[in-house]
Amino acid sequence: MASRDEIFGWVVDVLREEFDFTSEALAMDTHLIDDLDLDSIDAIDMTVRLEELSDISFSDSDLKSMRTIRDVVDLIDGRR
Amino acid sequence: MDDADGGPAGAQASGWTGIAERGSLAGIRFTAFCYRVLGRSLTLPLVYAIVTYFFLTDAPGRRASIAYLRRVAARTKQGELAGRRPGLRESYRHYRTFALAIVDRLAIWLGDGRGITYEKHGTEFFDRVDEENRGALILGAHLGSFDAMRSLAAQTNIIVNVVMFTDNAPRINRIFRELAPEMEQRMIAVDPSSVQSVFAIRERLRRGEHVAILADRIEAGDRDRKTAVTLLGGRVELPQAPVLLAGILGCPVYVVVALRRSAARYAVFVEPLVERVDLPRNDREAGVRAVVSRYAECLERYCLLAPYQWFNFFDYWGDAEPARRRST
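Residue positions are given per chain, counting from 1 as you read along its sequence in written order. Throughout, the order in which chains and ligands are written sets their labels, letters from A for the former and numbers from 1 for the latter. Where local features are concerned, this predicted model is filtered to residues with pLDDT of at least 70; where side-chain atom pairs are given and counted, the filter is 80 or more; whole-chain, interface and lining totals use all residues. Neither water nor hydrogens contribute to the side-chain values; these are computed over all heavy atoms in the structure.

A short note on the interface of chain A and chain B
Two residues qualify as a contact provided that any one of their heavy atoms is within 4.5 Å of a heavy atom in the partner residue. Across the boundary between the two partners, chain A contributes 21 residues, which contact 18 residues of chain B. Note on definitions: salt bridges are taken to be side-chain nitrogens of Lys or Arg within 4 Å of carboxyl oxygens of Asp or Glu. Applying the counting rule to chain A against chain B returns 6 salt bridges. The salt bridge involving A:Asp42 is made with B:Arg225; its shortest N-O contact spans 2.6 Å. We define a polar contact as two N or O atoms separated by no more than 3.5 Å, with the added condition that, inside protein, one atom must be a possible hydrogen donor and the other a possible acceptor, whereas residues neighbouring each other in sequence contribute only through side-chain atom pairs. Counting every contact that joins chain A to chain B gives 7 residue pairs in polar contact (both at pLDDT 80 or more).

Here we look at the pairing of strand β6 (residues 226-231) of chain B
Residue and element names in this part refer to chain B. Pairing between two strands is assigned when DSSP locates at least 2 bridges connecting them. A helix here means a DSSP run of H or I that spans at least four residues, while a strand means a run of E at least two residues long, and both kinds are numbered starting from the N terminus. Sheet analysis places β6 next to strand β7 (residues 234-239), joined by 6 bridges and oriented antiparallel. Residue pairing in the sheet places valine 229 in a bridge with valine 236 of β7. Between the end of β6 and the start of β7, which pair antiparallel, lie 2 residues, with leucine 232 showing a positive phi angle near 50°.

Here we look at the sheet that holds strand β4 (residues 187-190) of chain B
All names here are of chain B. In space, the 7 strands of this open sheet follow the order β1-β9-β8-β2-β5-β3-β4, with mixed pairing throughout. This sheet does not close on itself; its edge strands, each paired only once, are β1 (117-121) and β4. Taking the axes of each pair of neighbouring strands and ignoring which way they run, one obtains an average angle of 30° across the sheet. Alignment of β1 against strand β9 (residues 265-274), held across 5 bridges, turns out to be parallel. Bridged to tyrosine 118 within β9 is tyrosine 266. A fitted line through C-alpha atoms serves as each axis, taken over the contacting stretch for helices, and the angle formed by two N-to-C directions is quoted from 0 to 180°. Taken strand by strand, helix α7 (residues 146-155) contacts β1, β2 (137-140), β3 (160-165), β5 (210-214), β8 (253-262) and β9, and its axis lies near 90° from that of β1. Packed onto the sheet, helix α12 (residues 284-305) meets β2, β8 and β9 and runs at close to 160° relative to β9.

Thoughts on the pattern of salt bridges
Per the stated rule, a full pass over the model turns up 32 salt bridges over all chains. The partner of A:Asp13 in a salt bridge is A:Arg16, and the shortest N-O contact between them spans 3.2 Å. With a gap of 3 residues between them, A:Asp13 and A:Arg16 both fall in helix α1 (residues 4-19), about one helical turn apart. For B:Arg301, the salt bridge is made with B:Glu271, and the minimal N-O distance between the two is 2.6 Å. You can see B:Arg301 sitting in helix α12 and its partner B:Glu271 sitting in strand β9, a full 30 residues away along the chain. To sort residues, take the accessible area from a 1.4 Å probe on protein chains only and compare it with the maximum for the residue type: under 20% means buried, over 50% means exposed, and anything in between is partly exposed. On the accessibility criterion, B:Arg301 (42% relative accessible area) is partly exposed.

Note that all results are geometric; they support no functional claim without further evidence.
Now the structure itself:
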């Protein structure tokens, strides 16, 4: 079972690998749209990668609540 | 939107064509009212009159039409445009063909499309994905009738959701509720400022439903996601987003075009473009370009087959002639 730190690591890895962000740009309170400028294609791309890593399927309503990296970590952590 | 680069920047159409394509609320209401009260036979002359007015007053649209028809003529060895240099006469026919498409569209919206018959070409490809309960992403274009494709799907129990790009989604949806309540359920309104609609697309595909997108114009939300390809001998930029989305979601991509053959008769062509979009991690751009190029090849083929049914009445290639002289 992954810890919150490990889940945060997954999210950071996905954002680094898929979108070339540096680790320094990624913190718990980083806003996915306002800070990282992710668009809808980026968001679905990130979601699919995280689903593969976490073995959790996100619903439409789950995704509406994801604004920051912390929201993503909370969502995965809460589903384990 | 950026049309300075000559690409098909989203919804640049002006005048009547822009109104009809973008679905001005008053315009939709007015023409729908006429259709209901006057019927098809009297609405058609009215729409012809409106189109004629815009043909006479919409110089950029007229020039774009002629420039497009000349591109087609230069590549046509058979058919009515072969060996000709299209001018005002052919452009006017282009506008009138658009009028016919509008009236057919109204008929379908208002539930009067039962008399339309369809020739089916390749629709069996849908059977295969339906058996596997897989949703396909359908790429359409402002070529022929998207609504005829949707209407045929409804008749054959194929579930097709249509993605509509608009920053005015709530009001447009209200109109659809008024005109065609069953149609509204199958619309996915995309607001460029929101990421939610793409998840709605995923939900429908996951349910084994199909999702259709007009992929021949750059839309406001496409930002820098565009790919330069050759179409009818000229460079255009087409959106990457539909192909990227199909690649990320692992769904097949089809091209579907419905061309008007004659009064109340459409030919619907279904072509599998790719079973799965390959997006190499180190060169996604190449994976997308391969599929977008094939899409452009399909568009060219259908433009040559039905030259007057291409309904992009703006400077799609960025090289329409300026108004230096009267066209012949």
